[in-house]
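Structural overview for review
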Amino acid sequence: MAWDRRNLLSMSQLDPADIELVLETAGRLREIGTRPVKKVPTLRGKTVVLMFYEPSTRTRSSFEVAAKRLSCDTLSISASTSSIVKGETLLDTLRNLEAMGPDLVVLRHSMAGAGDMLARRLGVGVINAGDGMHEHPTQALLDLMTIAERKGGIDGLTVAIVGDIAHSRVARSDIIGLRTMGARVRVFGPPTLLPPEVESLGVEVAGSREEAVAGADVVMALRIQRERLGEQLLPSLREYFELFSIGPQQMALAKDDAILMHPGPVNWGVELDPALMHWERSVILYQVECGVAVRMALLYLMLAGEGA
Ligand code: CP
């Protein structure tokens, strides 16, 4: 099966065969990272613009590592050191960069739909690396890869997602991806941090943290998005930890072989108990490892067909 999408903006674009293709390609390409020389010439001559209007550690650096492993050149632009600070718009900035002949743009932006807006106006493909509270499809793909590899599949699993669902683009993309692949999803969080339409995404809303994690195969904690809490939606972080965090007691209610996930960055002592920092069934760093492989797969699928 071939990849025929110019853009990756939302997990809702992908059917199970697309997701399987990305995960299978990522599984093959990850081996390059174990070689003494971690580089192949597959995307030599291609250029990707990494445009990050919001902070990032994992997504930005894993796209950079992924591109380098495939010999793809990168052009990294951050909002604070570009002419964006002089008032240049997103579209003008990208039109100017487009004039330099890149093959693909990876965009993170605080505005939901920013990637979609650019994809309609630019002549090159766009990967959404997180747009406001909307979606983060490459995070969902790396989460699916982590689950598929650690649990031997996704179909039929129960995944509990606990925390700030309302502000989480990861939650939205993960829910769409997990439902597409046949998983059952339970969510739980403070009522002020659950979006009103959450059930329409095909999830069950648990009545308590314990109900959410009971018998789950996968427990995913989400970061409190302090930068997006425009008003006082939480009593205090201390109370949040008492009532909504995941710790050893909660993991004891999940299945005996349940894994613990978090997209990062983690606020230890807020959404996760520091007692789980080095826990044997935490796959938080494995998620990061899968992130490089998944982004290599996407760059390969979106660029290698063009004569690389
Ligand atoms: N998970 C994630 O998107 O992390 P960064 O914000 O560090 O990229």
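As the structure is a prediction and not an experimental result, all values here were calculated from the model.

1. Considering the sheet that holds strand S5 (residues 158–162)
Ordered by their spatial adjacency, five strands build an open sheet running S7-S6-S5-S8-S9, and the pairing between neighbours is parallel. In the strand order of this sheet, the two ends are held by strand S7 (204–205) and strand S9 (259–261), each with one partner. Pairing of S5 with strand S6 (residues 184–188) involves five bridges; the strand directions are parallel. Among the inter-strand pairings, Val-159 is bridged to a residue of S6, identified as Val-185. In the packing of helix H5 (residues 137–151) onto the sheet, the strands contacted are strand S8 (218–221) and S9, and the crossing angle to S9 comes to about 170°.

2. Describing the sheet that holds strand S2 (residues 73–78)
Read from one edge to the other, the open sheet built from four strands follows the order S2-S1-S3-S4, with strand pairing classed as parallel. A single partner strand is all that each edge strand has here, and the edge strands are S2 and strand S4 (125–131). Taking the axes of each pair of neighbouring strands and ignoring which way they run, one obtains an average angle of 15° across the sheet.

3. Description of the site of the ligand
Around the ligand, the neighbouring residues are Ser-56, Thr-57, Arg-58, Thr-59, Arg-108, His-136, Gln-139, Pro-263 and Gly-264. In this structure, an oxygen atom belonging to the ligand sits 2.8 Å away from a main-chain N or O atom of Thr-57. With respect to the ligand, the backbone of Arg-58 contributes an N or O atom lying 2.9 Å from an oxygen atom. Considering the ligand on its own, with 250 Å² of exposed area, one finds that the protein chains cover 91% of that surface. Grouping the amino acids of the shell around the ligand by side-chain chemistry returns one nonpolar, six polar and two charged.

4. A short note on the packing of aromatic side chains
One pass over the structure, following the stated rule, counts two aromatic pairs. Between Phe-188 and Phe-244 the ring centres are 5.7 Å apart and the planes differ by 35°, which places this aromatic pair in the tilted class. Here Phe-188 is found in strand S6, whereas its partner Phe-244 is found in helix H8 (residues 237–244), with 56 residues between them in sequence. The pair Phe-188 / Phe-244 is uniform in exposure class, with both members buried. Look at Tyr-240 and Phe-244: their rings are 5.3 Å apart centre to centre, the planes differ by 35°, and that puts the pair in the tilted class. With a gap of four residues between them, Tyr-240 and Phe-244 both fall in helix H8, about one helical turn apart. As far as the burial class goes, Tyr-240 and Phe-244 line up, both buried. One aromatic cluster is present, formed by Phe-188, Tyr-240 and Phe-244 through successive ring pairs. Positioned over the ring face of Tyr-286 is Arg-150, at 3.9 Å from the centre of the ring.

5. Topic: the domain arrangement of the chain
Taken domain by domain, the chain comprises domain 1 (11–135 + 290–303) and domain 2 (137–287). Distance from the C-alpha centre of domain 1 to the C-alpha centre of domain 2: 25 Å. Listed as interface residues are 32 residues of domain 1 and, on the opposing side, 27 residues of domain 2. Of the roughly 2,300 Å² buried where domain 1 meets domain 2, counting both sides, 67% is carbon and sulfur surface. Our enumeration of links across domain 1 and domain 2 arrives at two salt bridges.

6. Details of the nonpolar core
Residues Leu-141, Ile-161, Leu-178, Val-187 and Leu-299 are the most contacted members of the largest nonpolar core, which totals 66 residues. The dominant element in this core, judged by the number of residues it contributes, is helix H10 (residues 284–303), at 12 residues. A domain-level breakdown of this core finds at least three residues from each of domain 1 (11–135 + 290–303) and domain 2 (137–287). Discounting residues that sit within four places of it in the chain, Leu-178 has contacts with Leu-144, Ile-147, Ile-154, Val-159, Ile-161, Ala-183 and Val-185. Ranked by size, the runner-up nonpolar core spans 23 residues in total, among them Val-162, Leu-193, Phe-244 and Leu-272.

7. Topic: empty space enclosed by the protein
For the structure shown, the criterion picks out one cavity of 30 Å³ or more. Computed from the structure, the largest cavity encloses a volume of approximately 50 Å³. Contributing to the lining of the largest cavity are Met-133, Ile-165, Ala-166, Ser-168, Ala-171, Arg-172, Ile-175, Pro-195 and Leu-201. The residue inventory of the lining of the largest cavity, partitioned by class, reads seven nonpolar, one polar and one charged.

8. A few points about the pattern of salt bridges
This structure, assessed with the given rule, holds 14 salt bridges. The partner of Arg-184 in a salt bridge is Glu-204, with the nearest N and O atoms 2.7 Å apart. Highlighted residues: Arg-184 in strand S6 and Glu-204 in strand S7, separated in sequence by 20 residues. Judged by its relative accessible area of 40%, Arg-184 falls in the partly exposed class. Arg-186 is the salt-bridge partner of Glu-204, the closest N and O atoms lying 3.9 Å from each other. With Glu-204 in strand S7 and Arg-186 in strand S6, the pair connects residues that are 18 residues apart, well separated along the chain. Residues participating in the shared-partner salt-bridge network are Arg-30, Glu-149 and Glu-289.

Conventions and cut-offs
Residues take numbers from 1 onward in each chain, read along the sequence in its written order. Confidence filtering applies because this is a predicted model: local features only for residues at pLDDT of at least 70, side-chain atom pairs given and counted only at 80 or more, and all residues used for totals across whole chains, interfaces and linings. Side-chain metrics in this entry use all non-hydrogen atoms of the structure; hydrogen atoms and water are not considered. Any two strands with at least two DSSP-identified bridges between them are counted as paired. Helix and strand assignments come from DSSP, with helices taken as H or I runs of at least 4 residues and strands as E runs of at least 2, each series counted from the N terminus. Contacts are residue-level and defined by heavy atoms, with any inter-residue pair within 4.5 Å sufficient. What counts as an axis is a line fitted to C-alpha atoms, over the stretch in contact for a helix, and the angles between N-to-C directions run from 0 to 180 degrees. Residues are counted as near a molecule or strand when any one of their heavy atoms sits within 4 Å of it. In the analysis that follows, any N or O atom pair within 3.5 Å is treated as a polar contact, provided that within protein one partner can donate a hydrogen and the other can accept it, and provided that, for residues neighboring in sequence, both atoms belong to side chains. We get accessible surface area from the Shrake-Rupley algorithm with a probe of 1.4 Å; when it comes to residues, only the shown protein chains can shield them. Each residue receives one of three labels: charged for Asp, Glu, Lys and Arg, nonpolar for Ala, Val, Leu, Ile, Met, Phe, Trp, Tyr, Cys and Pro, and polar for the others, Gly being one of them. Geometry of aromatic contacts follows a simple scheme: Phe, Tyr and Trp rings, the Trp one being its six-membered ring, pair when their centres are within 6.5 Å, and the pair is stacked under 30 degrees between planes, edge-to-face over 60, tilted otherwise. Throughout, exposure labels follow a simple rule: accessible area from a 1.4 Å probe, protein chains only, divided by the maximum for the residue type, with under 20% read as buried, over 50% as exposed, and the rest as partly exposed. Two limits define a charge over a ring: the Lys NZ or Arg CZ must be within 6 Å of the ring centre, and within 35 degrees of the ring normal. Throughout the structure description, domain borders are defined by an automatic or database domain assignment. In short, buried area is how much 1.4 Å probe accessible area vanishes from two parts on joining, totalled over both. Salt bridge, as used here: a side-chain nitrogen of Lys or Arg that lies within 4 Å of a carboxyl oxygen of Asp or Glu. Residues enter a nonpolar core if they are buried and are Ala, Val, Leu, Ile, Met, Phe, Trp, Tyr or Cys, with the set joined through side-chain atoms within 4.5 Å. For each structure, a 1 Å grid was placed over the protein atoms alone; sets of points admitting a 1.4 Å probe that cannot get out are labelled cavities, open sets with protein on both sides within 12 Å along at least five of seven lines are labelled pockets, and lining residues have an atom within 4 Å of a point. Grid points are joined across faces, edges and corners, and a volume is the space filled by probe spheres set on the points.

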